[in-house]
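# Residue-level structural notes
Chain by chain, the residues run as shown.
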Amino acid sequence: MKKLLTMMLFVVLGLTAWAQQTTVLDQLKANPRKGYGNDYPYSFTTTQLTKAPRGYKPFYISHYGRHGSRYYWNAFLYQELDSLLSKAHQKQLLTAEGEAFYGRFIAAKDELKTGVSELTQLGWEQHQGIARTMYDNFPQVFKKGGNVLAISSLSGRCVLSMSAFCQELVQCNPKIEIREQSSRFTLNGVVPSDRENPLRRKFPKTTPRWENNRSQFVYQDSLEEKVISRVFVSTEGLPGNMRHVASNLINLYTSLPSINHEGMMGHILTDEEIARRWESSNLGSYSWVFGPQYEMIPILEDIINKADAAITGKSDHIADLRFGHDTCIGPLTVLMGINGADSDPEDPYEVKNIYQNWQTCKASNIQLVFYRGKKPTDDILVKCLLNGVEATLPLPTDNFPYYKWSDFRQFYTDRCKAHAPTE
């Protein structure tokens, strides 16, 4: 039986990998904005969830979500562009397209500089929508009300994302009681690497194998030069490295849908141009999330411990909610091997098939939904949703997307123990 389950696991993972190979670039072609990677605003897609096995009902949800859409995280981007564009305008070094962009940027610059890193209205609405979808998908968890614990990083955008989510859940059912907490006491379960975390530990970092074959990936792109030529007649006498300036302009462009300023840059950039360089940027993203994956072990331990408490009755929580950052949910996705993200391929061209950086988008989220059978002897089952879509885990199962909690618990406990902190 054990061999059969293992074989079925590989069949599921193989089919998933095959499906991704045939659709990843098609997805990008159909929606070029996915090329924004972790700047991509959360997309609500209608997806049919698999019915639970007969007699099973959901009773508990464990969740980790990234904050929603925000202004750019770093004030330097806005400051540097303001200084550069103003100087180019004074020297009459802007193209007609550049002048039009400059006018729109100057009109919005006070808002942009004030809003640095803050959650936007869209970010608020994303978490409202995710909360309502969770409620509608799993009404058995919430219909009688009950207690929920929500914890957040110390960042304002995460606190407000938590608030939007929790308010919406209570709107769905006023019988739900939610304790919201953003403090150093709970950082280990949401942002364990935060310097404010009193339980912070150092974990080993690692490098994905594709990096050893970086030279095999052939990539040529002149987007930076094109962007500069579309904005400036000449860059002579302007401050700054023009490659860095181009990077700032590209980063501004991909942030615009999140801050309700689409169109600010006119025809300086297009979604299709961003999408054409996606595979290269995705490789960098994979290295970025792969390296610190073991730093997320405390989050995984928190998930296991709180689920154990809910299952055994030591806790009366119907849900545990966590709100943090892409720097956590991305590595957590790799640590858990969601949709094969821990596969660590040697071939750089295979990376896109096991990890897509748009999965770590604004308001991205992991939901673990727990199910109980009618009989006390029935196995507890769990399934994983990544951004609302049923996902694979590196566990044996004969009933995908449902996995035995005992298998889940053992596998991830062993994985955590295998990568002990260095100090």
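One can find the structure itself at the top, above this paragraph.
Residues numbered from 1 in each chain as written. Predicted model: local features only at pLDDT ≥ 70, side-chain atom pairs only at ≥ 80, totals over all residues. Heavy atoms only, no water.

## Some words on helix 11 (residues 297-312)
Just so we agree on the cut-off: Each helix is a run of H or I in the DSSP string that is no shorter than four residues. Each strand is a run of E no shorter than two, and both are numbered from the N terminus. The span one expects for a helix is its residue count, reduced by one, times 1.5 Å. Using a 1.4 Å probe on the protein chains alone, a residue whose accessible area is under 20% of its type maximum counts as buried, one over 50% counts as exposed, and one in between counts as partly exposed.
The end-to-end C-alpha distance of helix 11, which contains 16 residues, comes to 22 Å, matching closely the 22 Å that a straight helix rising 1.5 Å per residue would cover. Among the 16 residues that make up helix 11, 13 are buried, leaving the element largely enclosed by the rest of the structure. Once helix 11 ends, the next one or two residues include G313, with phi positive near 90°.

## Focus on the packing of aromatic side chains
Applied cut-off: Pairing of aromatic side chains here covers Phe, Tyr and the six-membered ring of Trp, requires ring centres within 6.5 Å, and sorts the geometry by plane angle: under 30 degrees stacked, over 60 edge-to-face, intermediate tilted. To sit over a ring, a charge needs its Lys NZ or Arg CZ within 6 Å of the ring centre and within 35 degrees of the ring normal.
Applying the stated criterion across every chain yields a total of 18 aromatic pairs. Taken together, a centroid distance of 5.3 Å and an interplanar angle of 55° make the contact between Y60 and F370 tilted. With Y60 in strand 1 (residues 57-66) and F370 in strand 5 (residues 365-372), the pair connects residues that are 310 residues apart, well separated along the chain. You'll find Y60 and F370 in the same group, each marked buried. Both rings, one in F217 and one in Y219, keep their centres 6.3 Å apart while their planes meet at 25°; by these two values the pair is stacked. The ring of F59 carries R372 above its face, with NZ or CZ at 4.1 Å from the centroid.

## Quick look at the pattern of salt bridges
Our working rule: In the sections that follow, a salt bridge refers to a side-chain nitrogen of Lys or Arg positioned within 4 Å of a carboxyl oxygen of Asp or Glu.
According to the stated counting rule, one finds 23 salt bridges in the structure shown. We note a salt bridge from K205 to E295, for which the minimum N-O separation is 3.7 Å. Here K205, found in the loop between strand 3 (176-181) and helix 7 (223-231), pairs with E295, found in the loop between helix 10 (278-290) and helix 11; they are 90 residues apart in sequence, far enough to count as distant. Salt bridges sharing common partners tie together R33, E262 and D271.

## Some details on the pairing of strand 1
The test is simple: Pairing between strands is defined by DSSP: at least two bridges between them are needed.
The buried fraction of strand 1 amounts to nine of the 10 residues, a majority that puts the element mostly inside the structure. As paired elements, strand 1 and strand 5 share eight bridges and run antiparallel to each other. Across the sheet, Y60 pairs through a bridge with F370, a residue of strand 5. Inspection of the sheet shows strand 1 paired to strand 4 (residues 317-324) by six bridges, in the parallel sense.

## Observations regarding the nonpolar core
The criterion, for reference: Here, the term nonpolar core denotes a set of buried Ala, Val, Leu, Ile, Met, Phe, Trp, Tyr and Cys residues that are joined through side-chain atoms within 4.5 Å. The contact rule is simple, with two residues in contact once any of their heavy atoms fall within 4.5 Å.
In this structure, F142, F232 and L252 are the most contacted members of the largest nonpolar core, which totals 73 residues. The element best represented in this core is helix 8 (residues 242-255), accounting for seven residues. Not counting residues up to four positions away in its chain, the partners in contact with F232 are L84, L85, A88, L93, L94, T95, L238 and V245. Counting residues in each nonpolar core, the second largest holds 40 residues, with L149, A307, L386 and Y412 among its members.

## Quick notes on the pairing of strand 2 (residues 146-152)
Just so we agree on the cut-off: Clockwise travel from the first strand over the helix to the second, with the strands pointing away from the viewer, marks a crossover as right-handed.
In terms of burial, strand 2 is a largely internal element, five of the seven residues being buried. Examined bridge by bridge, strand 2 and strand 3 share six bridges and lie parallel to one another. Within strand 3, the residue paired with N147 across the bridge is E177. In this fold, the crossover linking strand 2 to strand 3 by way of helix 6 (residues 156-172) has right-handed handedness. Two elements, strand 2 and strand 4, share six bridges in a ladder whose sense is parallel. Looking at the pairing, I151 lines up with R322 of strand 4.

## What about the packing of helix 11 against helix 14 (residues 405-417)?
Going by this rule: Lines fitted to C-alpha atoms define the axes, with helix axes restricted to the stretch in contact, and inter-axis angles between N-to-C directions lie between 0 and 180 degrees. Oblique is the label for any angle not under 35 degrees, not over 145, and not in the 65 to 115 range, which are roughly parallel, roughly antiparallel and roughly perpendicular in turn. Two helices cross in a left-handed way if the nearer one is turned anticlockwise from the farther one by less than a right angle. They cross in a right-handed way if the turn is clockwise. Under the scheme applied, nonpolar residues are Ala, Val, Leu, Ile, Met, Phe, Trp, Tyr, Cys and Pro; charged residues are Asp, Glu, Lys and Arg; polar residues are all the others, including Gly.
Helix 14 packs onto helix 11 with a crossing angle of 150° between their chain directions and a minimal axis gap of 10 Å. As summarised for this structure, helix 11 and helix 14 are arranged roughly antiparallel, according to the angle between their axes. By crossing handedness, the relation of helix 11 to helix 14 is classed as left-handed. From helix 11, I297, L300, E301, I304, A307, D308 and I311 reach across to helix 14, where they touch W405, F408, R409, Y412, T413 and C416. When grouped by side-chain class, the residues that make up the contact of helix 11 with helix 14 number nine nonpolar, one polar and three charged.

## Topic: the state of the cysteines
Formally, a disulfide is one covalent bond, and it connects the sulfur atom of one cysteine to the sulfur atom of another. The following threshold applies: The disulfide criterion is simple: two cysteine sulfur atoms within 2.5 Å.
One pass over the structure, following the stated rule, counts zero disulfides. Of all cysteine sulfurs, the one in C328 lies closest to C158, which takes part in no disulfide; the gap is 8.6 Å. The buried category is assigned to C158, whose relative accessible area is 0%. For C166, which is in no disulfide, the shortest distance to another cysteine sulfur is to C172 and amounts to 12 Å.

## Overview of empty space enclosed by the protein
Note the following rule: A cavity here means a set of points on a 1 Å grid, drawn over the protein atoms and nothing else, where a 1.4 Å probe fits but cannot get out; a pocket is an open set with protein on both sides within 12 Å along at least five of seven lines, and a residue lines either one if it has an atom within 4 Å of a point. Grid points are joined across faces, edges and corners, and a volume is the space filled by probe spheres set on the points.
The full count for this structure, using the stated rule, is two cavities of 30 Å³ or more. Size it by volume and the largest cavity reaches roughly 50 Å³. What lines the largest cavity is a set of 10 residues, and nearest its centre among them are N339, I354, Q356, Q359 and L386. Looking at the second largest cavity, the residues that line it are S62, H63, Y64, I303, L332, M336, I366 and L368. If you list the elements that add at least two residues to the lining of the second largest cavity, you get strand 1, helix 12 (326-336) and strand 5. For the lining of the second largest cavity, the element with the most residues is strand 1, which contributes three residues.

Interpretation note: all reported values are geometric properties and have no functional meaning in isolation.
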